[in-house]
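Each chain is listed here by its residues.
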Amino acid sequence: MIREINNGDYRQLMELYLHLHETDIPEYEAAAETWEKILSDGNYHIIVAEEDGKIVSLCTVVVVPNLTRGVRPYARVENVVTHADYRGRGLATACLNRAREIAAEAGCYNIALLTGSKSESTLKFYENAGYKRGEKTGFIQWL
């Protein structure tokens, strides 16, 4: 099942982030304010794939209001992850497809993602999901 997160998903979501790059799970009290902001922000979507009542894959898509491109927003995808035991089943692709639907419904002129992965299989995965390599040049500044 593909769906958006709800208030009761905090622990499972954070456990899945351990398969991305996190090394520990912050206590709920430390993250509660941010969690509540995410849940109440109509432009912030965490899309999950659930199997047997367990969240096993997800991505985040944020719709950003914009004053250019005919005042059309744009969308950014982050935090694409699938539990190691559930990879290769199309779950992340299904989450990314839902992210694209959300962006289209919001009237976005594009949807983009950045990845730190250099793995050719990961890059091919994103291409197969409809993202084009080399369309723009990405830069990042860590704060």
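We now turn to the structure provided with this report. Per-chain numbering applies: the sequence of each chain, read as written, is numbered from 1 onward. Selection of residues for local features in this predicted model requires a pLDDT of at least 70, selection of side-chain atom pairs for listing and counting requires 80 or more, and totals for whole chains, interfaces and linings are taken over all residues. Based on all heavy atoms of the structure, the side-chain values leave hydrogens and waters out of the count.

## Here's the deal with the pattern of salt bridges
Point 1. We define a salt bridge as a contact between a side-chain nitrogen of Lys or Arg and a carboxyl oxygen of Asp or Glu at a distance within 4 Å. All told, the structure shown has 10 salt bridges when counted by the stated rule.
Point 2. Of the charged contacts, one joins R11 and E15 as a salt bridge, the two residues approaching to 3.2 Å between their closest N and O atoms. Remark: E15 and R11 occur in helix 1 (residues 10–17); sequence separation between them is four residues, near one turn of the helix.
Point 3. Here R11 falls in the partly exposed class, since its relative accessible area comes to 46%.
Point 4. A salt bridge links E120 to R133; the shortest N-O distance between them is 2.9 Å. Of this pair, E120 sits in helix 4 (residues 120–128) while R133 sits in the segment after helix 4, and the two are 13 residues apart along the sequence.
Point 5. Summary of the burial criterion: residues with accessible area below 20% of their type's maximum are buried, those above 50% are exposed, and those between are partly exposed, where the area comes from a 1.4 Å probe applied to protein chains only. The class for R133 is partly exposed, based on a relative accessible area of 43%. Helix and strand definitions here come from DSSP, where helices need a minimum of 4 consecutive H or I residues and strands a minimum of 2 consecutive E residues; each element is numbered from the N-terminal end.

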